Each structure stands twice: as C-alpha cells, then as structure tokens.
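Report on the structure
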Amino acid sequence: MKNWKCETCGRYIRVKPEKIEKNSKVVFRVCINSRCHSKSKAVIGKVLERKGDFFYIVCGVDFYYVNFKDLYPINAPVEFIYNMFGECYCD
Ligand SMILES: [Zn+2]
C-alpha cells in the first residue's frame, strides 16, 4: 500500500485508472445469471492491458473487459483509510 501514499503530504492518493499497473491484481464483480434471478460474485483478476478507462483482465481461463469504476486494485487503500488518514489533494 506504500505506493498509494503521497510523498509530499503523507496522505493517501485516490485511485485513478493510470495508477493501476499491468499485472497488478484487481477485484471486480461479475454477474451470474441463474434461471430465476441474477446475482454477482467478486472475482480477482490480473490486468493485461488498459485502454483509457477500460481494462482487459484475465482470471484463470476467462477474460474480462471491465470499466475502471467497476473494479478496485487489491492493494489499494479502502474507503476508511481515506477517512482516517486523509486524502491527498496535491495535484
Ligand atoms: Zn499529497
């Protein structure tokens, strides 16, 4: 989680698409369609490539194309970290 900390102010940097590197692990939800209802489950995948706000992600034998707003880097700070330690506004 070190690389999410700002060197200038010591607060935590908000996750942006360009901060997610190739081969890093991300969490996202995929829909499981069953006969009478649809559910979703959390999947952990590896980033292969980024195209703007979209990511190509591999998870086992499956490939996904996921929008940035629907995924989360596995090593990124969670919401309460920003509340506790502050959010960086240096840029
Ligand atoms: Zn800062």
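Residues numbered from 1 in each chain as written. Predicted model: local features only at pLDDT ≥ 70, side-chain atom pairs only at ≥ 80, totals over all residues. Heavy atoms only, no water.

**A few points about the pattern of salt bridges**
Inspection of the entire model under this criterion finds three salt bridges. With its nearest N and O atoms 3.2 Å apart, the salt bridge here joins glutamate 79 to arginine 14. Here glutamate 79 is found in helix 1 (residues 79-85), whereas its partner arginine 14 is found in the segment before strand 1 (25-33), with 65 residues between them in sequence. For glutamate 49, the salt bridge identified is with lysine 51, shortest N-O distance 3.7 Å. Overall, the relative accessible area of 46% leaves lysine 51 in the partly exposed class. Taken together, the shared-partner salt bridges in this structure form one network comprising Arg14, Glu79 and Glu87. (Salt bridge = Lys/Arg side-chain N within 4 Å of Asp/Glu carboxyl O. Helix = DSSP H or I, 4+ residues; strand = E, 2+ residues; numbered from the N terminus. Buried < 20%, exposed > 50% of the residue type's maximum accessible area, 1.4 Å probe, protein only.)

**Looking at the layout of surface pockets**
Computed from the structure, the largest pocket encloses a volume of approximately 160 Å³. Looking at the largest pocket, the residues that line it are Asn3, Trp4, Glu18, Lys19, Ile20, Glu21, Ser24, Lys25, Pro73 and Asn75. In terms of residue class, the lining of the largest pocket is built from three nonpolar, three polar and four charged. (1 Å grid on protein atoms, 1.4 Å probe; cavity = no way out; pocket = protein on both sides within 12 Å on 5 of 7 lines; lining within 4 Å. Points joined across faces, edges and corners; volume = space filled by probe spheres on them. Nonpolar A, V, L, I, M, F, W, Y, C, P; charged D, E, K, R; others polar.)

**Focus on the confidence of the model for the chain**
Per-residue confidence for the chain gives a mean pLDDT of 90, with 95% of residues at or over 70. Mean pLDDT across the secondary structure elements of the chain bottoms out at strand 1, with 88, and peaks at strand 3 (residues 54-59), with 96. (pLDDT = per-residue confidence, 0-100.)

**Some points on the nonpolar core**
Judged by nonpolar contacts, the single largest core of 17 residues is most densely connected at Val15, Ile20, Val26, Phe28, Phe55, Ile57 and Leu71. Those elements that provide at least two residues to this core are strand 1, strand 2 (38-51), strand 3 and helix 1. It is strand 1 that provides the largest number of residues to this core, a total of three residues. Setting aside chain neighbours within four positions, we find phenylalanine 28 in contact with Lys41, Ala42, Val43, Gly45, Ile57, Tyr64, Val66, Asp70 and Leu71. (Core = buried A, V, L, I, M, F, W, Y, C linked by side-chain atoms within 4.5 Å. Contact = heavy atoms within 4.5 Å.)

**Structural notes on the sheet that holds strand 4 (residues 62-67)**
Spatial strand order, 4-3-2-1-5: five strands in an open sheet with antiparallel pairing. With partners counted over all chains shown, the strands left at the sheet margins are strand 4 and strand 5 (71-73), one partner each. Direction aside, neighbouring strands of the sheet carry axes that sit 40° apart on average. Relative to strand 4, strand 3 is paired through six bridges, and the arrangement is antiparallel. Looking at strand 4, one finds that phenylalanine 54 is bridged to asparagine 67. (Pairing = 2+ DSSP bridges. Axes fitted to C-alpha atoms, helices over the stretch in contact; angles between N-to-C directions.)

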